[in-house]
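Observations on the three-dimensional arrangement
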Amino acid sequence: MKVEQISIFLENRAGRLADVTRTLSEAGVNIRALSLADTTDFGILRLIVTDHEKAKKALKDNGFTVGRTNVVAAEVEDRPGGLHDILSMLSTNGINVEYMYAFVQQSGKNAVLIFRFDRTDEAIETLQKNGVRIIPGSELYNI
Amino acid sequence: MVFDVQNETMPRDELETLQLKRLKYLVEKVYHNVPFYNKKFSEMKVKPQDVKSLNDLKHLPFTEKQDLRNNYPFGLFAVPRESVVRVHASSGTTGKATVVGYTRRDVDNWASLMARSFEACGVTRADIVHNAYGYGLFTGGLGAHYGAEALGATILPVSGGATKRQVMLMKDFGPTVICCTPSYALHLYETALANGINIDDLRLKVGIFGAEPWTEEMRHDIQNKLQLKALDIYGLSEIMGPGVGIECIAAQDGLHIWEDHFLIEIINPETGEPLPAGEKGELVITTLTKEAQPLIRYRTRDITRINNIPCRCGRTHYRIERITGRSDDMLIIRGVNVFPSQIESILLETEGLSPHYQLIIDRKGSMDILEVQVEVNEKLFSDEIKHLQQIEKKIMSHIKEFLGVTAKITLVEPRTIARSEGKAQRIVDKRKL
């Protein structure tokens, strides 16, 4: 039920992000979702891509430090309170969100929330028990 | 103006006779009392009686910093431990400190050499000395302290830190002499201005600055800003502490080495061959009078040259020019000695760190800034910012704890630190010295 995310260490230098996108473009990998977290000195680019193995190899070959993490993709109705409902379930069960990002699907009906939890398995269980649909990786990569 | 006229202005031939007498005595003593020297002499097939002239010095073995570390802590003492009244240590870290012991007479000699040094700078009994060198295992604070007392001046044992309070004391107590690192002098100046204290409110006339390299430009800057005469002092804990050498106020040109106590040579750091006066090389010092821990031909790693031209102050002791560099990779950051290898071991001890790092030293205003760039590898990398920031904090606190220096830690991408000939360029010193 988990989704594979790759993360890339970036120094805060002009052109570094473009170096990543060029590498992925040349490898023929499409980006499904991304989030960029930054500090004064460095940033972490988190990506969900159509082919993470291919992306990882291309990035590594180009000298990037690449990590992989299991994240959870939850589907939520695109309406006011949609995210709040989910966060309430999680907080009731004492599950901490390390970070998250979101995107809206092309159909416009639903939003996809990408979560990194401190306790991933418990989080999935909680969400499913409360009727939240978890999008499997295979589906997400090919949206 | 000269504290010890007999010794400081002794004719050269008399001085050299005295040096030879002391050298012969020293060599006998270490040969019989220090196993380390006994072994070294035997390995080189030298006997104490082989020393017949000062020229024979070149046949004696060198002593290196590593020898002090290998004999840590008290292995080089030439007297029973009970005769040692004080112990100092260099900015030693992670168990690699270099320790020095002093007998009662060593401490007294040190005080009188520091008193000489103060007087050479124009300090008199009437002066108040603000001593901002750190007190403790570091020799700076106590060295200057006992010297000022031996001279009969009034000493303010302020030590380092609490700069705002220091400038208040300077305004209220009216010290006429300041002892600290040159960069701290500028820091005091800036702090004074920031706190509404005008330099005209202070009574400083002489500054005695050492423990870090500085330039002629920096001297002019300090003299203009602080309205005093800035003089250079030389010393190292392995030999004694501050007061091994001093610039005189009369010439303000090179540091007199107290040659009745220290025998100096300049060698080629590559070959170890002695170089004639005037040539640049590594300073090597033999302690002629030290009782607790005498050292034969200690390689200071400081690069300088000997000036044997008689000084207008009347002292006959040769001078060395200000230290212009090191023959090893030691850095002096805000007065603290730092070897890149020490940073390397801290990084290696910090879990998951690759040994690819670079030290960037710069001077912002008057303060040295140390930046440690560390390459991130996959083991270290995390997709969470807080983990990476924790690593930065951990390295920073380890460096602070072991070296006493605050460093800015920057994580950089792998293979971004330039390698030359397969080896990384470890140090980028942007300070203009």
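The sections below set out a description of the structure shown in this document. Fair warning: this is a prediction, and the values are worked out from it, not measured in the lab. Along each chain, the written sequence defines residue order, and numbers are assigned to residues from 1. A letter from A marks each chain and a number from 1 marks each ligand, given out in the order of writing. Under the rules for a predicted model, residues below a pLDDT of 70 receive no local features and side-chain atom pairs below 80 are neither given nor counted, while totals for whole chains, interfaces and linings still include all residues. Each side-chain value is worked out from all heavy atoms of the structure, with water and hydrogens disregarded.

Thoughts on the overall build of chain B
Working definition: helices are DSSP H or I runs of at least four residues, strands are E runs of at least two. Numbering for both runs from the N terminus. Summing up its helical and strand segments, chain B has 11 helices and 24 strands in all. Computed over C-alpha atoms, the radius of gyration of chain B comes to 23 Å, within 12% of the 22 Å expected from 2.2 N^0.38 for 433 residues, which places it in the range of a compact globule. Along the first, second and third principal axes, the C-alpha atoms of chain B reach 70 × 60 × 40 Å. Three labels apply to residues, based on accessible area from a 1.4 Å probe with only protein chains included: buried if under 20% of the type maximum, exposed if over 50%, partly exposed otherwise in between. A buried classification covers 58% of the 433 residues belonging to chain B. Note on contacts: a residue pair qualifies if any of its non-hydrogen atoms lie within 4.5 Å across the two residues. Sequence-distant contacts in chain B: of pairs separated by 6 or more residues, those separated by 24 or more amount to 65%. Accessible area of chain B: about 18200 Å², with a carbon and sulfur share of 51%. Our radius of gyration looks at C-alpha atoms and nothing else; its globule reference is 2.2 Å times the residue count to the power 0.38. What sets the accessible areas is the Shrake-Rupley method with a 1.4 Å probe; for residues, cover comes only from the shown protein chains.

Topic: helix α3 (residues 82–92) of chain A
Residue and element names in this part refer to chain A. Within the sequence span of α3, burial applies to Gly82, Ile86, Met89 and Leu90. Along the long axis of α3, the arc covered by the buried residues comes to 95°, so they all point the same way. In α3, the exposed residues that point more than 90 degrees away from the buried face are His84, Ser91 and Thr92. Note that the arc is computed from the directions linking the helix axis to the C-beta atoms.

Notes on the sheet that holds strand β11 (residues 274–275) of chain B
Residues and elements named next belong to chain B. Strand pairing is defined by DSSP finding a minimum of two bridges between the two strands. Judged by pairing direction, the sheet is antiparallel, and its five strands sit side by side in the order β11-β10-β12-β13-β16 without closing on themselves. With partners counted over all chains shown, the strands left at the sheet margins are β11 and β16 (325–326), one partner each. Note that strand β12 (residues 281–287) and strand β13 (residues 298–304) share four bridges and pair antiparallel. Residue pairing across strands places Gly281 opposite Thr304, the latter belonging to β13.

With respect to the packing of aromatic side chains
Both the distance between ring centres and the angle between the ring planes are used here to describe each pair of aromatic rings. Residues and elements named next belong to chain B. Here is the rule: rings of Phe, Tyr and Trp (six-membered ring for Trp) pair when centre to centre is within 6.5 Å. Planes less than 30 degrees apart are stacked, more than 60 are edge-to-face, and the remainder are tilted. For the structure shown, the criterion picks out nine aromatic pairs over all chains. Ring centres of Phe74 and Phe77 lie 4.9 Å apart, and the angle between their planes is 20°; on these two criteria the pair is classed as stacked. Note on Phe74: relative accessible area 38%, which makes it partly exposed. The exposure class assigned to Phe77 is buried, which follows from its relative accessible area of 7%. When the ring of Tyr102 is compared with that of Trp110, the centres are 5.0 Å apart and the planes differ by 15°; the resulting orientation is stacked. Members of the aromatic cluster, each reached through a chain of ring pairs, are Tyr31, Phe36, Tyr37 and Phe41.

Thoughts on the pattern of salt bridges
For side chains of opposite charge, pairing can occur when their charged atoms come near one another. Residue and element names in this part refer to chain B. Salt bridges are defined by distance alone: a side-chain nitrogen of Lys or Arg within 4 Å of a carboxyl oxygen of Asp or Glu. Enumeration over the complete set of coordinates arrives at 49 salt bridges over all chains. Linking Glu247 and Arg219 is a salt bridge whose minimum nitrogen-to-oxygen distance equals 2.8 Å. On the criterion of sequence distance, the pair formed by Glu247 in strand β8 (residues 241–247) and Arg219 in helix α9 (residues 216–226) is long-range, its members being 28 residues apart. Under the relative-accessibility criterion, Glu247 is labelled buried at 2%. Using a relative accessible area of 2% as the deciding quantity, one classes Arg219 as buried.

Remarks on the nonpolar core
Phe118, Ile208 and Tyr234 of chain B are the most contacted members of the largest nonpolar core, which totals 67 residues. Take this core: its biggest share by element is seven residues, from helix α5 (residues 104–120) of chain B. Every residue in contact with Ile208 of chain B, bar those within four places of it in the chain, is listed here: Phe118, Cys121, Val123, Tyr133, Val177, Ile178, Cys179, Cys180, Leu231, Ile233 and Ile246 of chain B. Core analysis: the second largest hydrophobic core is formed by 31 residues, Phe9 and Ala37 of chain A together with Val372 and Leu411 of chain B among them. To form a nonpolar core, buried Ala, Val, Leu, Ile, Met, Phe, Trp, Tyr and Cys residues must be joined to one another through side-chain atoms within 4.5 Å.

Side note on the layout of surface pockets
Residue and element names in this part refer to chain B. Cavities and pockets were defined on a 1 Å grid built over protein atoms only: a cavity is a set of grid points that admits a 1.4 Å probe from which the probe cannot escape, a pocket is an open set flanked by protein on both sides within 12 Å along at least five of seven lines, and lining residues are those with an atom within 4 Å of any such point. Grid points are joined across faces, edges and corners, and a volume is the space filled by probe spheres set on the points. Space inside the second largest pocket adds up to approximately 460 Å³. Leu54, Asn55, Leu57, Ile264 and Glu265 are, among the 18 residues lining the second largest pocket, the residues nearest its centre. Looking at the lining of the second largest pocket, the elements with two or more residues in it are α2 (12–33), β10 (262–267) and β11. The biggest single contributor to the lining of the second largest pocket is β10, with four residues.

Quick word on the state of the cysteines
Residue and element names in this part refer to chain B. The term disulfide is used for any two cysteine sulfur atoms that are within 2.5 Å. A full pass over the atoms with the stated rule returns zero disulfides over all chains. Cys248 forms no disulfide, and the closest cysteine sulfur to it belongs to Cys311, at a distance of 3.6 Å. No disulfide involves Cys313; its nearest neighbouring cysteine sulfur is the one of Cys311, lying 3.5 Å away.

Things to note about the pairing of strand β3 (residues 42–49) of chain A
All names here are of chain A. Most of β3 is tucked away: eight of the eight residues are buried. Covered by surrounding structure in β3 are Phe42, Ile44, Arg46 and Ile48 together with Gly43, Leu45, Leu47 and Val49, the residues of both alternating faces. As defined by bridge partners, strand β1 (residues 3–11) adjoins β3 across six bridges and the pair is classed as antiparallel. The residue bridging Glu11 from the neighbouring strand is Phe42, located in β3. Hairpin connection, strand β2 (residues 31–38) to β3: the antiparallel pair is bridged by three residues.

Considering the interface of chain A and chain B
At the interface, 25 residues of chain A touch 21 residues of chain B. Accessible area that two parts lose when put together, with a 1.4 Å probe and added across both, is what the buried area reports. Of the roughly 1800 Å² buried between chain A and chain B on both sides combined, carbon and sulfur atoms contribute 53%. The largest contributions to the chain A side of the interface with chain B come from Phe9, Phe42 and Thr65 of chain A, which together make up 32% of the buried area. For Arg116 of chain A, the salt bridge identified is with Glu384 of chain B, shortest N-O distance 3.1 Å. Here a polar contact is taken to be a pair of N or O atoms separated by no more than 3.5 Å, where protein atoms must pair a possible hydrogen donor with a possible acceptor and residues adjacent in sequence count only if both atoms sit in side chains. If you look at where chain A meets chain B, you find 11 residue pairs in polar contact (both at pLDDT 80 or more). Counting residues per element, the ones that place at least two in the side of chain A that touches chain B are β1, β2, β3, β4 (66–77) and β5 (97–104) of chain A. The greatest single-element share of the side of chain A that touches chain B, amounting to six residues, is contributed by β1 of chain A.

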